[in-house]
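Structural features, examined
Below, each chain spelled out in residue letters.
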Amino acid sequence: MSCDGAGTAAAWLRVAEVVREHRDELVMLDREIGDGDHGENLRRGFDMVADRLTSAEDDTPRAVLRLVASTLISTVGGAAGPLYGTALLRAGNAIGDRPVLDAAAVAAALTAAVEGVVARGRAEPGDKTMVDALQPAASAAVAASERGATIAEVLAEASAAADAGAHATVPLIARKGRASYLGERSAGHLDPGARSTALILASLAASAAS
Amino acid sequence: MSCDGAGTAAAWLRVAEVVREHRDELVMLDREIGDGDHGENLRRGFDMVADRLTSAEDDTPRAVLRLVASTLISTVGGAAGPLYGTALLRAGNAIGDRPVLDAAAVAAALTAAVEGVVARGRAEPGDKTMVDALQPAASAAVAASERGATIAEVLAEASAAADAGAHATVPLIARKGRASYLGERSAGHLDPGARSTALILASLAASAAS
Amino acid sequence: MKKIINDPATVVTEALHGMAAAHPDLRVHTDPAYVVRADAPIRGRVAVISGGGSGHEPLHCGFVGPGMLTAACPGPVFTSPTPDQVQAAVASADGGAGVLLLVKNYTGDVLNFETAAELLAADGVDVRTVIVDDDVAVRDSLFTAGRRGVAGTLPVEKIVGAAAESGADLDTCERLARTVVASVRTMGLALTPCTVPHAGEPSFTLGEDEIEIGIGIHGEPGREKTRLAPAQDLVRKLLQPVLDDLEWQQGDRVLLFSNSMGGTPLIELYLAHGSAAALLTERGLLVERSLVGPYVTSLEMQGISLTLLRLTDELIEWWDAPVSTPALRWGR
Amino acid sequence: MKKIINDPATVVTEALHGMAAAHPDLRVHTDPAYVVRADAPIRGRVAVISGGGSGHEPLHCGFVGPGMLTAACPGPVFTSPTPDQVQAAVASADGGAGVLLLVKNYTGDVLNFETAAELLAADGVDVRTVIVDDDVAVRDSLFTAGRRGVAGTLPVEKIVGAAAESGADLDTCERLARTVVASVRTMGLALTPCTVPHAGEPSFTLGEDEIEIGIGIHGEPGREKTRLAPAQDLVRKLLQPVLDDLEWQQGDRVLLFSNSMGGTPLIELYLAHGSAAALLTERGLLVERSLVGPYVTSLEMQGISLTLLRLTDELIEWWDAPVSTPALRWGR
Ligand SMILES: Nc1ncnc2c1ncn2[C@@H]1O[C@H](COP(=O)(O)OP(=O)(O)O)[C@@H](O)[C@H]1O
Ligand SMILES: Nc1ncnc2c1ncn2[C@@H]1O[C@H](COP(=O)(O)OP(=O)(O)O)[C@@H](O)[C@H]1O
Ligand SMILES: [Mg+2]
Ligand SMILES: [Mg+2]
Ligand SMILES: [Mg+2]
Ligand SMILES: [Mg+2]
């Protein structure tokens, strides 16, 4: 896959499919410790992303991310809409106007994404949120890129770290988001936002590898 | 059992117990083709009857029936309250002020009771109501009394006829009362009011025989 | 059975205590049970009185107040009140201009109100009775108990109450009540049964995709068990028999009253209302007034009923007139 | 799942069509979704705007009208609205005297309204935000998401809306909102879960004699699963943490708001209200105002919440002021 705007758009079109495939799983996870809408919120948002991306002309990677971000902000709602939206806006700003991405840009984008989510949502690692998937993903990406890895390798390591981070949310007691209202009853469940972050990164990594 | 006012009061106290014992059965029957309150309506009414009868001084059989009637009218509600109330008012009028009942008076009382129910509720035999128990009971009582039977025998035959009449309501399609709203779906169920009529007569017959 | 109660036998009395606490402009009596507006009796005004089994709240006690009922008699859950309740309500509501009893057509209600009316007439009260029987699910006939009174009772009480409030005499109120009864039709459906506290068990059972069409308001099963369908099909199934039952002209004005049986979320009720309004408009009727909410209920039952009232200028005037009760309030 | 709907994806839009059909004095928009009173914008009046996930009806759209909200933004079921909805609502409601956003304290609602507020401020609109967090079931802390906004949102909207209607300026409205938020506390329980249309399954499961205490309004389980108990014990269980949370003096005047979660019969709600009023009176509080009904709901959930608002002369004046919305109406 090329790492220009068209390639970025193709990768996010694939993310939209993955979200649709996992809609029910995310709904189910959110029903357990939230309000059962996370999968539907993202499905609604990414369906619109898919609509707009296919009708959008080719553009820079940053423009693609901005389009995805603003679409998610205006269609997802809930906590995930503004958080993913901010993450992608910041990621876009971090990569600037370069026409083609490189490994360092991807690492910088992920780092900016985490910072954006934390700035908005004020969750710390261990609070049982998407930060627990995104933060290790960004760290892994930075480490890999500093080692001289390719984009595909960077995203593969980020994806693996996100997946591990997501699963590590299971025993945690939530301190942010709806799950926090359950207190100790939130332990024993996978955080839906951490899971969707892991799914998105896995999809991006798969696109980069193909 | 004596057939004076005290005996009549004792017999109706026993009826009150029988109604309490069969409350749940009558609720269940009424839930199937009505609104599930017949047993509770009668329980509420006859509990009050029991209260008032025990505190009432000895009196004529007619006075006892009037007390039962007015208590049922003011506490039962629903269709059964005014119908049983009217039946007992008319029955009381039919026996007049005699201090002790005889077989003919009992037969006349039952006949007056049916007439009262029909005058108020305008149900005909076969409409799947309490008339289907009360009407054959009155006929049987008249026949027995004309044959020279005792009070106990008259009530035994009336009770048997009421029981048969009640069970004969099972296949009928209701044309009066709530069960009529079900149309054909009312068939296959015992009418709760016919059942309570049969229970009351069985209890009166048992008291007379003791 | 899951209910917020202390004892099935005291539910009605305890709920009346709650009404008394919540509504200082009502006088609430518990023995015998009736609710009357605090400023009654009003000299020279017709008293409009209704009542029936409890479990249909806010019907009837929630409709007591200026512009609607003068008093109401709540029976036990799903059981008509007794004549002495009606007599006591009349005694405290009668302003000397006569009494109009509005009675839903059920054998129990009719017999108990009839008994009360006889006793009141014997005491010299000028009392009239109008029977409400708006439910098209039940075929009417001289040989049956006739149609039930269901959600159409609300517009009867509202319109007659408004006229009585403005000083209309007993003849006028009675005539108006008969006009509304003749012009109002309802049909309902249930998605779930309800549980009467003293019965302890649901009134019927339904499979996961079954509904009852043609229900009354006492948790009784309907005429027909059928499959759950999309909202627009359900709405058509309810409106068709209502439309078939009265003769309608293009351009007829109607009140569309979308009623929840108690447990239906308002979002579904509004959805059904929008669907019903669209269908009526398609048929050339003018939806001039709307009412949407849980007004004539069957405890926690999920389901809806749709009521159509054919409007005239006179009925619109009384419908729009100010009303100030716990459950229905507008104008002034 | 049994619901009167056509398609889970179109529930909110179709319900808004029903609102439009039922309430001609509201302007109802569906893309983006918001409801605004028909006479807005009103020159020189503060616009009071709220919103949140759907499924809590009549909150918020049912509270749009004179004396309460200027506009409201309904999100998908149990999902906060998006910033563009808020921007569009503000654009059609802003009368030039500033905009007050009343937001229930959920991460999603706060973030989406915050985003909208930033964009509006950048456009030069004088916009303030007040967060409602009345739910005592959740322990408050700097390190958590904080308390939820639940039924206490209603008195905030009513009181601030009345002040704005009378011409109070933005500072006054904001201060009043903060005063009400500081004086109102709520606690709720559920007897049954609810089913979100797009989820298709109940939000939790409960045994035949189990209840959830300390629920929010999104079908989420509460803090504690416990046994069903008599109504008076349940009422005490809800009121105790509410009473413990604020300092109360003998003779304090309160509004007691008994709210149904949607599926609880009104007869049970009144019963609970009577029980709660008696308990408060016993504790030396004066129940000066009452509100009883299904106002802040969770779809068809059976359950109740009890809200106490400490009253002052000022709050009573605004509470009593005329209001004319689909769901709350009195005065004038
Ligand atoms: N303050 C926060 N910071 C970071 N992530 C959060 C925060 N609050 C919630 N989340 C994430 O959002 C997810 C829930 O998203 P979603 O269900 O779409 O929104 P809502 O909770 O409003 O229904 C949670 O699983 C969690 O990962
Ligand atoms: N018109 C009538 N004539 C005679 N009996 C009737 C009539 N209508 C109803 N009933 C009797 O009343 C019984 C129901 O009584 P009950 O359940 O107490 O009253 P409701 O139907 O008002 O709930 C029926 O089973 C039937 O036997
Ligand atoms: Mg969620
Ligand atoms: Mg019955
Ligand atoms: Mg009954
Ligand atoms: Mg949500």
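Residues numbered from 1 in each chain as written. Chains lettered and ligands numbered in written order. Predicted model: local features only at pLDDT ≥ 70, side-chain atom pairs only at ≥ 80, totals over all residues. Heavy atoms only, no water.

Okay, the site of ligand 2 next. As a matter of local geometry, ligand 2 sits amid 22 residues, with D35(B), D37(B), H38(B), D191(B) and G193(B) nearest to it. The environment of ligand 2 is shared, with nearby residues belonging to chains B and C. N41(B) is positioned with one of its side-chain polar atoms (N or O) 3.1 Å from an oxygen atom of ligand 2. Here G193(B) contributes a backbone N or O atom positioned 2.9 Å from an oxygen atom of ligand 2. Surface burial for ligand 2 is 96%, taken as the share of its 570 Å² of free accessible area covered by protein chains. Within the residue set of the shell around ligand 2, elements represented by two or more residues are α3 (38-55), α5 (80-95), α6 (103-121) and α9 (192-209) of chain B. Counting residues per element, the shell around ligand 2 draws most heavily on α9(B), which supplies three residues. Broken down by class, the residue content of the shell around ligand 2 amounts to eight nonpolar, eight polar and six charged. (Near = heavy atom within 4 Å. Polar contact = N/O pair within 3.5 Å; in protein donor to acceptor, adjacent residues only side chain to side chain. Areas by Shrake-Rupley, 256 points an atom, 1.4 Å probe, with all protein chains shown as cover. Helix = DSSP H or I, 4+ residues; strand = E, 2+ residues; numbered from the N terminus. Nonpolar A, V, L, I, M, F, W, Y, C, P; charged D, E, K, R; others polar.)

With that settled, the discussion passes to helix α8 (residues 313-320) of chain D. Residues and elements named next belong to chain D. Along α8, the residues that are buried comprise L315, I316, W318 and W319. Buried positions in α8, seen along its axis, are confined to an arc of 165 degrees and lie on one side of it. Turning to α8, the residues buried within the fold contact α4 (153-165), α5 (170-183), β10 (253-260), β11 (286-293), β12 (303-310) and β14 (329-330). (Buried < 20%, exposed > 50% of the residue type's maximum accessible area, 1.4 Å probe, protein only. Arc of directions from axis to C-beta. Contact = heavy atoms within 4.5 Å.)

Time to look at the coordination of the magnesium ion (ligand 3). Residues and elements named next belong to chain A. Around the magnesium ion (ligand 3), the donor atoms from the protein are D30 (OD), D35 (OD) and D37 (OD), and they sit 2.1 Å away. Sequence spacing of the donor residues for the magnesium ion (ligand 3), all on one chain, is D-x4-D-x1-D. A distance of 3.5 Å spans the gap from the magnesium ion (ligand 3) to the magnesium ion (ligand 6), which D35 bridges by coordinating each metal. Of the two residues, D30 and D35, both sit in the buried class. (Donors = N, O, S within 2.8 Å, 3.2 Å for Na, K, Ca; no water.)

This next bit is on the sheet that holds strand β7 (residues 184-190) of chain C. Residues and elements named next belong to chain C. The mixed open sheet is built from six strands, whose spatial order is β9-β8-β7-β12-β10-β11. Edge positions in the sheet fall to β9 (224-227) and β11 (286-293), since each has one partner strand and no second. Pairs of neighbouring strands in the sheet enclose a mean axial angle of 20 degrees, with direction left out of account. Here strand β10 (residues 253-260) runs beside strand β12 (residues 303-310); their pairing, made up of seven bridges, is antiparallel. Note that in β12 the partner of L255 across the bridge is L309. (Pairing = 2+ DSSP bridges. Axes fitted to C-alpha atoms, helices over the stretch in contact; angles between N-to-C directions.)

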